[in-house]
Amino acid sequence: METNPGPGGSQLSLAIDGMTCASCVHRVEQAIAAVAGVGHVSINFATGRAAVAFDSGGPDIAAVVRAIRDAGYDVHTERLEFAVHGMTCASCVGRVEQAVNAVPGALTTSVNLATQTATVEVISEAAAPQQLIAAIQGAGYNAERLAQNPDRVDRERQAREREIRHLRRSVLLAGLLTLPVFVLEMGSHVVPGMHAWVVTTIGQRESWYLQFVLTTLVLCGPGLVFFRKGLPALLRRSPDMNSLVALGTGAAWSYSVVATFAADMLPPGTQNVYYEAASVIVALILVGRYLEAMAKGRTSEAIKRLMGLQAKTARVIRDGEEMDINVSDMRLGDRVQVRPGERVPVDGEVSDGRSYVDESMITGEPIPVLKEAGAGVVGGTVNKNGSFTYSVSKIGADTVLAQIIRMVEQAQSSKLPIQALVDRVTGYFVPAVIAAAALAFGIWFTFGPAPALTFALVNAVAVLIIACPCAMGLATPTSIMVGTGRAAEMGVLFRRGDGLQTLRDARIIALDKTGTLTQGRPQLTDLVVAPGFDETEVLRLIASVERQSEHPVAEAIVEAAGARGIGLDEAVDFAAEPGFGVAAWVETRRVEIGADRYMEKLGLSIEAFSEAAARLGAEAKTPLYAAVDGHLAAMLAVADPLGVSTEAAIAALHAEGLRVAMITGDNWHTAQAIGKRLGVDEIIAEVLPDGKVDALKALQGDGCKVAFVGDGINDAPALAQADVGIAIGTGTDIAIESADVVLMSGDLRNVPNAIALSRATIRNIKQNLFWAFAYNASLIPVAAGALYPTFGLLLSPVFAAAAMAASSVCVLSNALRLRRFRPPLRAEMETAKPEDGLLAAAAYTPGQ
């Protein structure tokens, strides 16, 4: 479990044991939602994880755990051991235990004074070892970790492997015990002479005795899990799929036992046994669960590979000595040495040395980046040929890689709007199935042909078995997991799961110009001075003022002055007016620089430059004006080159049938020139920063879904207003709260790629839901015997179990097809490979 800050409160992510179908998910969600302070809960059946958001205050983890356990399920826990130094008496033990128990996620603490150790049981991933050590230190003692537990990747892999091994053993045991039962009973019905051979060699009654023993072993061994979970759930009036299997197999076994040992209690003609149905059903459902476990492990491979990028150890310099320690034991401020070929353990800032670092896993750029003193490094990136030392600035959940993993996990745990229907249906589905089975039993027992009791039992059991809602529960989350994981491989992070569905419905794609359609690195291309002004002097004054600004245009002007060798002076009383311009004093001269509207606000006419401004605007250059001492002094032209992927991206959006709008603060002529070149459908120019929200509202006027693409910093209000906000990430600046989707590489071609993936994922979900719902809706009547009056056909419980298991495997297999999704546009960096980083912008295709 992880605790992360959420709006107004906290967010928790925890792994839950025991969920087997969609009704389990519904029941656990209801139990957690009833806990005081819980604002929202979402459970992913495929991963078995719950995301819980609290309204305010600290998370009441204990209450959430109690609610889960009261509902009949459990959470993953682990034991951590620490050496505690400084304890001298029993009161010390009490203080340490009290301090540790106060850490969120710590369940029990046992402190041994004699061995000076503390053993803490915590909810998996709830409390980091550093938190527990800090709590002990806060109580006045020193502590260090004794046992190095495997990291989360290893824990989850081991848990999955244990589950698969357990299911494999259960399947083999159930299969070995079931095979003789199946051969003896079914062989007697379908193989000529088999019945006579059984009667003459083994004996009919002896055959039943043997089937009773073997089937009882199946139900009390591999099949006991269904009864342990299903019957308590039934008693709590919250039945699940285990309840259906327990009822079905229990009814078949009980009826057969009566027929075997107390046949006189049954009406004549109904003294039959169905041991093979009970044992084969258990065996087949276990086979289905085994296949599900194997397939579900493949759906989360994106997260596994992301976690695999984390370094396990770090070479830390403490007290002048180098030592290799576990990354989980690192502290803020640690000095870390990174040698050639090693992964950077966590985020920090270089203090000594010089090297090139491959950051393709974050930015998608395959070219290594130079790192020297003062440069930031990101955990998980790969050092190339040099070595350097850096100071740790972020650890644990605060690192960039941890944020990326958390974003992907949150998206995978989210529920799409389409899931609302599934939740409503599955909440009532299992009780409805039990009612349908009871109704089928009653109808067949009352109106069916002889032996009516036999027909009633067989059809009721078939209804119970075939309707297990496993496929319903897997339909949506598996597609979300595979889809968001594939998106991460493309450099697209879905911060919110519902963005995956909303993006698919977008009809207009609105794009900010600077830094989105363009490279965001303007260049000064023209400088026209008014009569009576010197060009070099005017550029010196303008650059001196713009040196105080962080705007990209200001940087371009300062660079141009530097290229000409012009020395700059100090500007004082600098003031910026967003959307208009800047002003300051240079020596004794007042300098004001900005757009045409700024000059108009100052009462200065720009008529003298109108012809030149029109020409420059037609060339897609942005004109700016400068006034010196209250007189119009010059017009500058700045051009921001289009991004290398912009034209291809716009063409791809049009090919998808989408309208493209451009929103910019540039003047009308410049915006028209750029829009015409790109083929933009709608141009909204001369928009102030706070006017982008109004522009988006206008586009949304007819109920049209609008996606807005911006840089994620200046465009935060617009990203929040849009139906889907798509932020262009800067590699490390990924925690953009206003955005639904983050493009890590900044390659605009990932916008149509993300839309195409969104459509493919939703299409995949609909296919899964159709299969799951259509399967149950069509086969429940068949299992109940609806075809018997017309065609004389009945569905055996054995075939019902096989069909039920097959439905879940089909849903999982269909979801896994998304792993082969090919984006419509190949991204810029064709050389990036998965080993260079999962988040490379290149659309890597398996097999390449």
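Conventions adopted
Residues numbered from 1 in each chain as written. Predicted model: local features only at pLDDT ≥ 70, side-chain atom pairs only at ≥ 80, totals over all residues. Heavy atoms only, no water. UniProt positions renumbered as here; feature names shortened; annotations may be inferred. Helix = DSSP H or I, 4+ residues; strand = E, 2+ residues; numbered from the N terminus. Contact = heavy atoms within 4.5 Å. Pairing = 2+ DSSP bridges. Axes fitted to C-alpha atoms, helices over the stretch in contact; angles between N-to-C directions. Core = buried A, V, L, I, M, F, W, Y, C linked by side-chain atoms within 4.5 Å. Buried < 20%, exposed > 50% of the residue type's maximum accessible area, 1.4 Å probe, protein only. Parallel < 35°, antiparallel > 145°, perpendicular 65-115°, else oblique. Left-handed = near helix turned anticlockwise from the far one by under 90°. Nonpolar A, V, L, I, M, F, W, Y, C, P; charged D, E, K, R; others polar. Arc of directions from axis to C-beta. Patch = residues over 30% accessible without salt bridge, like charges linked within 9 Å, V, L, I, M, F, W, Y side chains within 5 Å. Areas by Shrake-Rupley, 256 points an atom, 1.4 Å probe, with all protein chains shown as cover. Salt bridge = Lys/Arg side-chain N within 4 Å of Asp/Glu carboxyl O. Phe/Tyr/Trp six-rings, centres within 6.5 Å; stacked < 30°, edge-to-face > 60°. Lys, Arg positive; Asp, Glu negative; His and termini not counted. Charge placed at Lys NZ, Arg CZ, Asp CG, Glu CD.

The name an unreviewed UniProt entry assigns to the protein chain is P-type Cu(+) transporter, from the organism Exilibacterium tricleocarpae. As stated in UniProt under Subcellular location (unreviewed entry), the record for the protein chain gives "Cell membrane". Check the Sequence similarities (unreviewed entry) section of the UniProt entry for the protein chain; it says "Belongs to the cation transport ATPase (P-type) (TC 3.A.3) family. Type IB subfamily."

Some points on the overall build of the protein chain
On a plain count of helices and strands, the protein chain comes out with 29 helices and 30 strands. Contacts spanning at least 24 positions in sequence make up 69% of the contacts within the protein chain whose residues lie at least 6 apart.

Notes on the sheet that holds strand β6 (residues 77-85)
On the basis of which strands lie adjacent, the open sheet formed by four strands has the order β7-β8-β6-β9 and antiparallel pairing. Edge strands, defined here as strands with exactly one partner in the open sheet, are β7 (106-112) and β9 (142-145). Averaged over neighbouring strand pairs, the angle between their axes works out to 25° when direction is ignored. Judged from the seven bridges that link them, β6 and strand β8 (residues 117-123) form a sheet pairing that is antiparallel. Following the sheet pairing, Glu81 is matched in β8 by Thr119. Each of β6, β8 and β9 touches helix α4 (residues 129-138); the most contacted strand, β9, lies at about 160° to it.

Focus: the nonpolar core
Membership of the largest hydrophobic core comes to 137 residues, with the highest contact counts inside it found for Ile32 and Ile509. Non-local contacts of Ile32, meaning those with residues more than four positions away in its chain, are made with Ile16, Val38, Val41, Ala50, Val52, Val64 and Ile68. Listed in part, the 26 residues of the second largest apolar core include Leu527, Ala543, Leu624 and Ala626.

Structural notes on the packing of helix α7 (residues 204-220) against helix α9 (residues 241-261)
The geometry of α7 relative to α9 is characterised by a closest axis approach of 11 Å and an angle of 150° between their N-to-C directions. Compared by their axis directions, α7 and α9 come out roughly antiparallel. Of the two elements, α7 crosses α9, and the hand of that crossing is left-handed. Between α7 and α9, the residues in contact are Arg205, Trp208, Tyr209, Phe212, Thr215, Thr216 and Leu219 and Thr249, Trp253, Val257, Ala259, Thr260 and Phe261, respectively. For the contact of α7 with α9, the per-class residue count stands at eight nonpolar, four polar and one charged.

What to know about the environment of Arg677
Summarising the element assignment, Arg677 is placed in helix α24 (residues 668-678). A C-alpha to C-alpha distance of 8.6 Å links Arg677 and Glu647, two positions 30 residues apart in sequence.

Remarks on helix α22 (residues 610-618)
Burial in α22 covers these residues: Ala612, Ala613, Leu616 and Gly617. Projected down its long axis, α22 carries its buried residues within an arc of 135°, all on one side. For α22, the exposed residues set more than 90 degrees away from the buried face come down to Glu611 and Ala618. Where the residues of α22 are buried, they touch β20 (523-529), β24 (622-628), β25 (631-639) and α24.

Re a nonpolar patch on the surface
On the surface, Leu179, Phe182 and Val183 cluster together to form a nonpolar patch covering roughly 260 Å² of accessible area. Structurally, the position occupied by Val183 is in helix α5 (residues 152-190). According to the relative accessible area criterion, Val183 is partly exposed, its value standing at 37%.

Observations concerning the side chain of Lys371
With respect to the helices and strands, Lys371 occurs in strand β14 (residues 369-371). With a relative accessible area of 7%, Lys371 lands in the buried category. When neighbours within four sequence positions are excluded, Lys371 is seen to be in contact with Val350, Gly353, Arg354, Ser355, Val357, Glu359, Gly376 and Val377.

Notes on the UniProt feature "transmembrane region" (unreviewed entry) in the protein chain
Taking the UniProt record as the reference, the feature "transmembrane region" (unreviewed entry) is found at residues 170-188, 208-227, 239-261, 273-291, 425-447, 453-476, 769-788 and 794-816. Summarising residues 794-816: 87% helix, 0% strand, and an end-to-end C-alpha distance of 34 Å.

Brief notes about the sheet that holds strand β21 (residues 571-577)
Sheet architecture is open: six strands sit in the order β20-β25-β24-β23-β22-β21, paired in antiparallel fashion. Here the strands that pair on one side only, and so sit at the sheet edges, are β20 and β21. On average, each strand axis in the sheet is tilted by 20° relative to the strand beside it, whichever way the strands run. Where strand β22 (residues 581-586) lies against strand β23 (residues 589-594), six bridges are found, and the strand directions are antiparallel. Looking at the pairing, Ala584 lines up with Val591 of β23. Set on the sheet, α22 makes contact with β20, β24 and β25; between it and β25 the angle comes to about 10°.

Some thoughts on the environment of Ile765
Structurally, Ile765 can be placed in helix α27 (residues 750-783). Judged by its relative accessible area of 0%, Ile765 falls in the buried class. The spacing of Ile765 and Val811 is 46 residues in sequence and 9.1 Å in space, taken between C-alpha atoms.

As for the packing of aromatic side chains
On inspection of all chains with the given rule, the structure shows 10 aromatic pairs. Here Trp444 and Phe455 contribute two aromatic rings whose centre-to-centre distance is 5.5 Å and whose plane-to-plane angle is 15°, an arrangement assigned as stacked. Within this pair, whereas Trp444 is found in helix α14 (residues 419-447), its partner Phe455 is found in helix α15 (residues 452-466), the two being separated by 11 residues in sequence. For Phe455, a relative accessible area of 17% gives the class buried.

Thoughts on the pattern of salt bridges
This structure, assessed with the given rule, holds 21 salt bridges. Residues Lys601 and Glu577 are paired through a salt bridge, measuring 2.1 Å at the closest nitrogen-oxygen approach. Residue Lys601 is found in helix α21 (residues 596-601), and its partner Glu577 is found in strand β21; the two are separated by 24 residues along the sequence. Residue Lys601 is classed as exposed on the basis of its relative accessible area of 52%.

As for a positive patch on the surface
Residues Arg162, Arg165, Arg168 and Arg169 make up a contiguous surface patch of positive charge. Summarising the element assignment, Arg165 is placed in helix α5. On the basis of relative accessible area, Arg165 is assigned to the partly exposed category, the value being 37%.

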